[in-house]
Amino acid sequence: MRSSPKRKLSHDAIKAWRVSLSILILFLVLGLFFVWGYKLLSPESEFFSIWTLTAISVILVVITGLGIFFIPEIRWQRWSYEVDEHEVDLQSGIFIITRTLVPIKRVQHVDTRQGPILRSYDLADVTISTAATTHRIPALNEEVADQVRNQISEFARLAEEDV
Amino acid sequence: MFELQRQHPAAALANAFDIIRANFVTILILIFVGSGGREANFTLYWIIGTFLFLLIWGVISWYRFEFSVEEGELRIEQGVLVRKKLYLTSDRIQVIDISAGVVQRLFGLVAVEVKTAGSSSKEAKISAISRGKAEKLKALLRKKAERSDDAQKADPIDHRKVYALDTKDLLIAASTSGRFGVALSVVGVAFSQVEQLISEEQMIYFVESIIPRSTNASMIAMSIFAVIAIAWLFSFASTIIKYYDFVVEVRENELLISRGLFERTQLTIPFNRIQAVQIKEELLRQPLGYASLVLESAGYGESEGNSTTLFPLLARPQIYSFINEVIPDYQTEISEKSNVPLRGLRRYLFRMLWISVPVILIVWSSIPYGVYSWFLLVPALLLGYQQYRDAGIARGKDTVVLTFRLLSKTTAMVKKYRMQSCQIQQNPFQKRLELSNFTVHVASGNQGRAFTVRDIDIAKAMDYRRWLSNGRESESNTANEGDRELLSEDSDNRDAIQ
């Protein structure tokens, strides 16, 4: 799409996404190990066939590879946003590209949130809520996130006044 | 004038029914699950027990409910386990609804519901008092409110416009109801339950005695026909019950909608809460030239706001005059209109193909004579073509009009200043064809509602987006150009360091 918004997410977002996905996958892998172990110890049980298990393992490996090594990079490249006194403009998506426009006047509240992984990279999400929808700008630098949040709320206040 | 008093004892019954109605689905599920495999007697005891318990609960809550009007305040004391006192000043009371459900009608009584505005509002409902008392109560609370608040004047009676649904239209609405589909699935599920209740031998016996010499094919045809007929009857009845005596009253700054056969429902929708208007042309109604109007409203007072039927059936030529008189804000002169370009047609057709082919394959492989399900492809593709024809986007002075069809054609009208957000989506296939999906979100109830037009030209989509984003018509916003530059530079530096 032409004239994409200009600002990018923090480059650390890639690392943070990798870590959070790795943790999720770790749990899946652990679960899979249990099943494999069970299968190998009692091969005659009818619980999952060996082929299903192999297929699941292969799929998991592929997903892990894509999810950890490629997707975060592409996701970061595709994410951009922009805030001005009229609107919040977001663009994201790996296959399906979504371009979102939120008029500043409609913003009900903005907040920043931070989980443990984001915190360790000094990152934070900015969440923008309207009466109908919620939008998220993920993994911004902490200071930038604060700045964006304050900016939106300030613009929203100004916009409210001239309505 | 109104000393501390209790409601009419019928309130006990009304309360019990209220609880049953509020938890109807839960109770049904409990009964179905609870009776699974056990004797019918047990279920019966269970139902009677529940009902007795609710009745006793109703009696106690009736006993514990007392109300009075003192010093222009409606005072209610209630609560079975926790005693609550509710004082409502008449200044704050926004809506006083008088309605009569089945129980109330049985005793010639009414229920009075008092609503206040504001986020921390409380709702008070007196579920059974005589009509005379209710009117007196209303007058008492209203009078105070009017005296203290001139702005909230009572509407002059001659100013009101009232629209009612006549019997002929009600019957047409009922017989072409869009709930048909819902009813169909319910009846379908019910049929599959019947199979469990009645053993196969009984079934065969029944079939052989009633319709001897029936072939397999005619059996299937007949059962399909039976399901459709029953579903149609259900939807017919439920529409009549819901929309019986439908009346819209236009007041100075609100709409008052009342409807219902057994239970009269009254809805008050202030004009400034209306978020969007939809014209729905259902599949069965469109060929007859009828459509219905639906409003989306944001929350106010206690009510959450939602989709509300503004009028269940209008002949197409009447629609615009109706809009003009009832919700004149939404009378729009279309200044620009664009449809889906021809290159989008194949996406519409393919979409229907992808949806219908798996269904056909499943049907083909699972039931006898399933081969004929390939004939479904024809209506599916026709539907796809019709969806393509109908989809479009248009704009007037400050209104954007989105037209799209799933089964029924919907025309959604959204005021520019009511839009909550707008989204353009493009998948790789659409990118190649330079098409995109255009979505507008409006507030409605808790979740909000989205209207999407698929596969419109990307340039058009961006144009509309720009038009929606600007407060004014002008395209350039040079005033904040510097601002934007500064902002992005600032952030680029900050992030580029990483």
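Details of the structure are given in the entry above.
Residues numbered from 1 in each chain as written. Chains lettered and ligands numbered in written order. Predicted model: local features only at pLDDT ≥ 70, side-chain atom pairs only at ≥ 80, totals over all residues. Heavy atoms only, no water.

Draft legend 1. Summary view of the overall build of chain B. When its secondary structure is counted, chain B shows 15 helices and 21 strands. Among the 498 residues that make up chain B, the fraction classed as buried is 44%. Carbon together with sulfur atoms contributes 60% to the accessible area of chain B, which is approximately 27800 Å² in total. (Helix = DSSP H or I, 4+ residues; strand = E, 2+ residues; numbered from the N terminus. Buried < 20%, exposed > 50% of the residue type's maximum accessible area, 1.4 Å probe, protein only. Areas by Shrake-Rupley, 256 points an atom, 1.4 Å probe, with all protein chains shown as cover.)

Draft legend 2. Representation of the overall build of chain A. When helices and strands are tallied, chain A shows four helices and seven strands. Along chain A, helices and strands appear, N-terminal first, in the series β-α-α-β-β-β-β-α-β-β-α. A sequence separation of at least 24 residues applies to 51% of the contacts in chain A between residues at least 6 apart. Surface accessibility of chain A: about 8900 Å² in total, with carbon and sulfur atoms responsible for 64%. (Contact = heavy atoms within 4.5 Å.)

Draft legend 3. Summary view of the packing of aromatic side chains. All names here are of chain B. Overall, the coordinates contain 16 aromatic pairs over all chains when judged by the stated rule. Between F350 and W354, the ring centres sit 5.8 Å apart and the planes meet at 20°, which makes this aromatic pair stacked. Here F350 and its partner W354 are both found in helix α11 (residues 345-366), four residues apart, which amounts to about one turn of the helix. Exposure remark for W354: the relative accessible area of 60% places this residue in the exposed category. Ring centres of Y464 and W467 lie 6.3 Å apart, and the angle between their planes is 70°; this geometry places the pair in the edge-to-face category. Placement of both Y464 and W467 in helix α14 (residues 458-469) is noted, with a separation of three residues, approximately one turn of the helix. Classification of W467 as buried rests on a relative accessible area of 6%. Taken together, the aromatic side chains of Y163, Y243, F246, F311 and F322 make up a single cluster linked through ring pairs. The cationic tip of R75 hangs over the ring face of Y87; the distance from NZ or CZ to the ring centre is 4.7 Å. (Phe/Tyr/Trp six-rings, centres within 6.5 Å; stacked < 30°, edge-to-face > 60°. Lys NZ or Arg CZ within 6 Å of the ring centre and 35° of its normal.)

Draft legend 4. Examining the environment of Q78(B) more closely. All names here are of chain B. Here Q78 shows up in strand β3 (residues 73-78). With 16 residues separating them in the primary sequence, Q78 and W62 have C-alpha atoms 8.5 Å apart. Those residues in contact with Q78, other than ones at most four positions away along the chain, are R64, F65, R83 and K84.

Draft legend 5. Fine view of the packing of α11(B) against helix α12 (residues 377-390) of chain B. All names here are of chain B. Direction vectors running N to C along α11 and α12 enclose 150°, while the axes themselves pass 8 Å from each other. The orientation of α11 with respect to α12, classified from their angle, is roughly antiparallel. Judged by the twist between their axes, the crossing of α11 over α12 is right-handed. Of α12, the residues touching α11 (which contributes L345, Y348, L349, M352, L353, S356, V357 and I360) are L377, A380, L381, L383, G384, Y385, Q387 and Y388. (Axes fitted to C-alpha atoms, helices over the stretch in contact; angles between N-to-C directions. Parallel < 35°, antiparallel > 145°, perpendicular 65-115°, else oblique. Left-handed = near helix turned anticlockwise from the far one by under 90°.)

Draft legend 6. Summary view of the sheet that holds strand β9 (residues 247-250) of chain B. Residue and element names in this part refer to chain B. The antiparallel open sheet is built from four strands, whose spatial order is β8-β9-β10-β11. Whereas interior strands pair on both sides, the edge strands pair on one side only; in this sheet they are β8 (161-164) and β11 (265-270). Here the average twist between neighbouring strands, direction ignored, is 15°. Sheet analysis places β8 next to β9, joined by four bridges and oriented antiparallel. What sits directly across from K161, in β9, is V250. (Pairing = 2+ DSSP bridges.)

Draft legend 7. Quick peek at the side chain of E77(B). Examined against the element boundaries, E77(B) turns out to sit in strand β3. If near-sequence neighbours (up to four positions away) are discounted, E77(B) is found in contact with R64(B), F65(B), E66(B), R83(B), K84(B) and K85(B).

Draft legend 8. Just the nonpolar core, in detail. The biggest cluster of nonpolar side chains holds 33 residues, and the ones touching the most others in it are L255(B), L310(B) and I327(B). Of all the secondary-structure elements, those providing two or more residues to this core are α6 (167-175), β9, β10 (254-259), β12 (274-281), β13 (290-297), β14 (307-315) and α10 (316-326) of chain B. Among the elements that line this core, the one with the most residues is β14(B), at five residues. Contacts of L255(B), omitting those with residues within four sequence positions, involve V248(B), E249(B), V250(B), L267(B), T268(B), I269(B), F271(B), I274(B), L295(B), L310(B), V326(B) and I327(B). Among the nonpolar cores identified, the runner-up in size contains 30 residues, and V83(A), V126(A), V148(A) and F155(A) belong to it. (Core = buried A, V, L, I, M, F, W, Y, C linked by side-chain atoms within 4.5 Å.)

Draft legend 9. Examining helix α2 (residues 50-78) of chain A more closely. Residues and elements named next belong to chain A. Compared with an ideal rise of 1.5 Å per residue, which puts 29 residues at 42 Å, α2 spans 39 Å between its outermost C-alpha atoms and is within 8% of the ideal. Every buried residue of α2 is accounted for by L53, S57, L60, T64, G67, I68, P72 and W76. Next to the buried residues of α2 lie β1 (7-8) and α1 (12-41). (Expected span 1.5 Å × (residues − 1).)

Draft legend 10. Structural detail: the pattern of salt bridges. Across all of its chains, the model carries 23 salt bridges over all chains by this definition. Residue R75(B) pairs with E73(B) through a salt bridge whose shortest N-O separation is 3.0 Å. For the salt bridge of R343(B) with D457(B), the shortest nitrogen-to-oxygen distance reads 2.4 Å. Within this pair, whereas R343(B) is found in the loop between β15 (336-339) and α11, its partner D457(B) is found in strand β21 (residues 449-457), the two being separated by 114 residues in sequence. Several salt bridges share partner residues, and in doing so they unite D89(A), R99(A) and R465(B) into one network. (Salt bridge = Lys/Arg side-chain N within 4 Å of Asp/Glu carboxyl O.)

Draft legend 11. Local environment of the packing of α1(A) against α2(A). Residue and element names in this part refer to chain A. Across the interface, α1 lies against α2 with an axial gap of 9 Å and an inter-helix angle of 175°. By the angle class used here, α1 and α2 are roughly antiparallel. Its residues assigned to classes, the contact of α1 with α2 comprises 18 nonpolar, five polar and four charged. (Nonpolar A, V, L, I, M, F, W, Y, C, P; charged D, E, K, R; others polar.)

Draft legend 12. Representation of unusual backbone geometry. Positive phi outside glycine occurs at A139(A), with the angle close to 45°. By the secondary structure assignment, A139(A) is in strand β7 (residues 134-141). Take A139(A): its relative accessible area is 1%, and that puts it in the buried class. Here D455(B), not a glycine, exhibits a phi torsion of approximately 55°, which is positive. For D455(B), the location among the structural elements is in strand β21.

Draft legend 13. Summary view of the sheet that holds strand β3 (residues 87-92) of chain A. The strand order across the open sheet formed by seven strands is β1(A)-β2(A)-β3(A)-β4(A)-β19(B)-β20(B)-β21(B), and the pairing between neighbours is antiparallel. At either margin of the open sheet sits one strand with a lone partner, and together these are β1 of chain A together with β21 of chain B. Where strand β19 (residues 419-426) of chain B and strand β20 (residues 435-442) of chain B come together, six bridges link them in antiparallel fashion. Its bridge partner lying in β20(B), Q425(B) is registered against N437(B). In the packing of α11(B) onto the sheet, the strands contacted are β20 and β21 of chain B, and the crossing angle to β21(B) comes to about 125°.

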